[in-house]
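Residues per chain, in single letters:
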Amino acid sequence: MHFMLGGQQASTYQRGRNQLAAALKKSPQAVDALARFDRFAPDLWDGLAAVYDVEIVWPAVLDVIASAITARPSALIERDRIRQLQPDWFQLPETVGYVAYTDHFAGDLNGIENSIDYLKDLGITYLHLMPLLRPRTGENDGGYAVADYKSVRPDLGTIDDLESLATSLHANGIALTLDLVLNHVAEQHEWAVKARNGEEKYRNYFLMYPDRTVPDQYEATLPEVFPDFAPGNFTWDESSQLWVWTTFNSWQWDLNWANPDVFCEFVDILTYLANKGVDCFRLDAIAFLWKRLGTNSQNQPEVHSLTQGLRAALRIAAPSVIFKAEAIVAPSDLVAYLGTGEHAGKVSDLAYHNSLMVQAWSTLAIGEGRLMAQALQRFAPIPTTTAWATYLRCHDDIGWAIDDADAGAIGVSGYDHRAYISGYYGGELPQSPARGAHFQVNPLTGDRRTSGSAASLAGIESAIEAKDDQALDLAINRLMCGYSMIFGFGGLPLLYMGDEIGLLNDVTYRKNPALAGDNRWMHRPHMPWDVVAQRNSRATVAGQVFARMSALISARKSLASLHAATAPVVFATDNPAVVAFRRRHPAGDLVELYNVSAQTQILPTHSAWPLNNANAIDAITGSLVDLTEQTITMAPYAVWWLTAQPS
Ligand code: GLC
């Protein structure tokens, strides 16, 4: 550690420590908390010093931290102790995530408590409940327009219900993740109301301009996130007569993170929710936090300093808590969210691997894996204390983030490839079995994103409609091929609610005027518990998918080589239709082979190195695979997770 401060700064730093010591004087937590201060305060200081006048913000932040430590319930202090003994808990092969809307999955928070057995049955140990804090009324972007961070959406329950749910989840070995929407608040949030009413302090929480001069300067280089329903990045606010920065919808007001008060507010919110039992925060739209003229105002270096500061504050106040970055950005910008350079290992613990998700769908559309291998091989390594959050589907659309350079490296045009796969999944190509829809078509950039459930995108919906059993088998295999990549890559796999029973698109949202304009709701279905009740019957699609998903989860949990600290090597085998993930691990090597095509494929056995020349066992089905011949043959969409046969 090179942390050295001189003169005035050293004494400010030390005063902060004394301040914490004084606040905790009588607390049995004082010794541990001060040890955590000594360990993490340098990260906090550096994060703050990079963006603020640290001398001023330091005592204010420590004040919030001290109150949070004092308020931490004893059961969570015990949880902190256990997590600190196993800091890699989220990297373990045993950790499996599930993502659900509280109401769509189980009605309300009490309903979730009643669904714990179902989750345990499936092997889930990490539950992300989609936004559930009190949003604005009317349209609220699926809860991503928060009006109050300290209360729960009334129809879902109360803060006490949330706390009691967290306790039950913990008792059943399940960690709880909530969204922390930190780029913006709802225009009804009290900060926004006060800003609108002219309170200077709160005007400084937002980015507000008297005329178009500054907004137009920024607009020159800003992209649009929702060009269809929220064009532009600024909204005229009638009552204050000011232009407000609104990257997303007009009623989601971007916060001014250059203001240290905003930082302190969020330390307060984070620790408040952490003290209710939240284990992990999904940092929503984190890439957008810092604005810089002349840029696209995404991925700015300050974002990482701010995240480092927030994480260090939490490590001192609630050390079992981790962060998951939602940065849906270009591959070259992504690794920084897990920490590169001075921030290595000091920012988010998890980050969504949107590239893996895009490559999985892309490879299944074209039936060959060279582009996937090229794109994933180019990724820089991640800190060994972090993990990718891997997923095939989530509540959002799929943005086809295929890099032009990657496409060029295998001799295809990035633009043409993006046009092809968005057409393939967006329901445009007659030969495609996928049933999705375009989201936010941007004629200026040619960009078309895609909505649709995993099962519908994989072809299950069209096969059922056509009553074509063969196509249905193929579609289930295609879905499972994609999900196997997600479970086998290494990292924390996230199962999106309903995918375990192959739920199709749900278009009932169109009847609700508050949702009708946003087709992302087609892949946010309600859990049909009558179907779930039949999950053990192989006679239904739901039963078949459920059995396959359960087998995949069990296989994953049995493989030490899937610990996230081991990086996979992804490569195209000599047969371009078969992609391989190789994971070398002291507890035993794992070679995963994926036939991403709808045809039978033959490939040389040396692709399975270092397991060739012997028999291997497929960890998913338990079957023996003969690797002593020259070649191996894989059925359409076959997946093999090969391990050495025990001697
Ligand atoms: C994230 C969410 C998305 C939301 C946006 C704005 O990207 O996943 O659903 O629209 O942030 O909060």
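First, a word on scope: everything that follows refers to the structure included in this document. (Residues numbered from 1 in each chain as written. Predicted model: local features only at pLDDT ≥ 70, side-chain atom pairs only at ≥ 80, totals over all residues. Heavy atoms only, no water.)

Scanning the protein chain from terminus to terminus reveals 23 helices and 25 strands. The C-alpha atoms of the protein chain give 25 Å as radius of gyration, which agrees with the globular expectation for 647 residues (26 Å, within 12%). Residue burial in the protein chain is summarised as follows: out of 647 residues, 62% are buried. Of the contacts made within the protein chain by residues no fewer than 6 positions apart, 71% connect residues no fewer than 24 positions apart. (Helix = DSSP H or I, 4+ residues; strand = E, 2+ residues; numbered from the N terminus. Rg over C-alpha atoms; globule rule 2.2 N^0.38 Å. Buried < 20%, exposed > 50% of the residue type's maximum accessible area, 1.4 Å probe, protein only. Contact = heavy atoms within 4.5 Å.)

Among the 6 residues of strand β20 (residues 590–595), 6 are classified as buried, and the element is accordingly described as predominantly covered. Because side chains alternate across β20, one face comprises the buried residues L590, E592 and Y594, and the other comprises V591, L593 and N595, equally buried. In the sheet, strand β19 (residues 578–583) pairs with β20 via 6 bridges, with the strands oriented antiparallel. Along β20, the bridge assignment pairs V579 with Y594. With antiparallel pairing between neighbouring strands as the criterion, β19 and β20 make up a hairpin whose turn holds 6 residues, including G588 at a positive phi of roughly 140°. (Pairing = 2+ DSSP bridges.)

Bringing the sheet that holds strand β23 (residues 624–626) into the picture now. With antiparallel pairing, the 6 strands of this open sheet are ordered in space as β18-β19-β20-β25-β22-β23. Looking along the sheet, the strands with just one partner apiece sit at the ends: β18 (569–572) and β23. Within the sheet, the average angular offset between the axes of one strand and its neighbour, ignoring direction, is 30°. (Axes fitted to C-alpha atoms, helices over the stretch in contact; angles between N-to-C directions.)

What follows deals with the sheet that holds strand β8 (residues 234–237). As summarised here, the arrangement of the 3 strands in space is β7-β9-β8, forming an open sheet in which the pairing is antiparallel. Two strands lie at the open edges of the sheet, namely β7 (208–209) and β8, each paired on one side alone. Relative to strand β9 (residues 242–245), β7 runs antiparallel, the two being bridged by 2 bridges. What sits directly across from Y209, in β9, is W243.

Relative to each other, helix α3 (residues 54–71) and helix α13 (residues 301–317) sit at 35°, their axes nearing to 9 Å. The two elements α3 and α13 meet at a crossing, and its hand is right-handed. For the pair α3 and α13, the contacting residues are I65, A68 and I69 in the first and A313, I316 and A317 in the second. Among the residues forming the contact of α3 with α13, the class breakdown is 6 nonpolar, no polar and no charged. (Left-handed = near helix turned anticlockwise from the far one by under 90°. Nonpolar A, V, L, I, M, F, W, Y, C, P; charged D, E, K, R; others polar.)

What follows concerns the layout of surface pockets. Taking a probe equal in size to a water molecule and rolling it over the atoms shows the remaining empty space. Roughly 710 Å³ of volume is contained in the second largest pocket. E139, N140, D141, A514 and L515 are the residues nearest the centre of the second largest pocket, which is lined by 41 residues in total. If you list the elements that add at least two residues to the lining of the second largest pocket, you get α5 (102–106), β3 (133–135) and β8. With 3 residues, α5 is the single largest residue contributor to the lining of the second largest pocket. Residue composition of the lining of the second largest pocket, by class: 16 nonpolar, 16 polar and 9 charged. (1 Å grid on protein atoms, 1.4 Å probe; cavity = no way out; pocket = protein on both sides within 12 Å on 5 of 7 lines; lining within 4 Å. Points joined across faces, edges and corners; volume = space filled by probe spheres on them.)

Taken together, 13 residues lie around the ligand, and D141, R282, D284, H395 and D396 are the ones closest in. A distance of 2.8 Å separates an oxygen atom of the ligand from a polar side-chain atom of H395. Notes on the ligand: free accessible area 310 Å², of which the protein chains cover 94%. For the shell around the ligand, the residue count by class is 4 nonpolar, 3 polar and 6 charged. (Near = heavy atom within 4 Å. Polar contact = N/O pair within 3.5 Å; in protein donor to acceptor, adjacent residues only side chain to side chain. Areas by Shrake-Rupley, 256 points an atom, 1.4 Å probe, with all protein chains shown as cover.)

Quick look at the state of the cysteines now. As enumerated under the stated definition, the model contains 0 disulfides in all. Here C280 is not cross-linked by a disulfide; its sulfur's nearest cysteine counterpart is in C394, at 15 Å. A residue is classified by how much of its surface remains accessible, and C280, at 0% relative accessible area, is buried. According to the relative accessible area criterion, C394 is buried, its value standing at 15%. (Disulfide = S-S within 2.5 Å.)

A word on the nonpolar core. Of all hydrophobic cores here, the largest spans 196 residues; its most connected members are I65, Y98, W257, F281, Y483 and W641. Looking at which domains feed residues into this core, each of domain 1 (186–254) and domain 2 (568–644) gives three or more. In this structure, A580, V591, V625 and M634 belong to the second largest nonpolar core, which totals 16 residues. (Core = buried A, V, L, I, M, F, W, Y, C linked by side-chain atoms within 4.5 Å. Domains from an automatic or database assignment.)

What follows deals with the packing of helix α1 (residues 7–23) against α3. Where α1 meets α3, the closest approach of the two axes is 9 Å, and the angle between their N-to-C directions is 20°. In terms of axis orientation, α1 runs roughly parallel to α3. The way α1 lies across α3 gives a crossing that is right-handed. Touching Q8, Q9, T12, Y13, G16, Q19, L20 and A23 of α1 are V54, E55, W58, P59, L62, D63, I65, A66 and I69, all from α3. Looking at side-chain class alone, the contact of α1 with α3 contains 10 nonpolar, 5 polar and 2 charged residues. (Parallel < 35°, antiparallel > 145°, perpendicular 65-115°, else oblique.)

Going through the model one piece at a time under the given rule, you end up with 39 aromatic pairs. With 5.2 Å between their ring centres and 35° between their planes, W257 and F266 make a pair best called tilted. The class for W257 is buried, based on a relative accessible area of 1%. Feature note: the residues Y52, Y149, W191, Y202, Y205, W257, F263 and F266 constitute an aromatic cluster, connected by ring pairs. The cationic tip of R524 hangs over the ring face of W521; the distance from NZ or CZ to the ring centre is 4.5 Å. (Phe/Tyr/Trp six-rings, centres within 6.5 Å; stacked < 30°, edge-to-face > 60°. Lys NZ or Arg CZ within 6 Å of the ring centre and 35° of its normal.)

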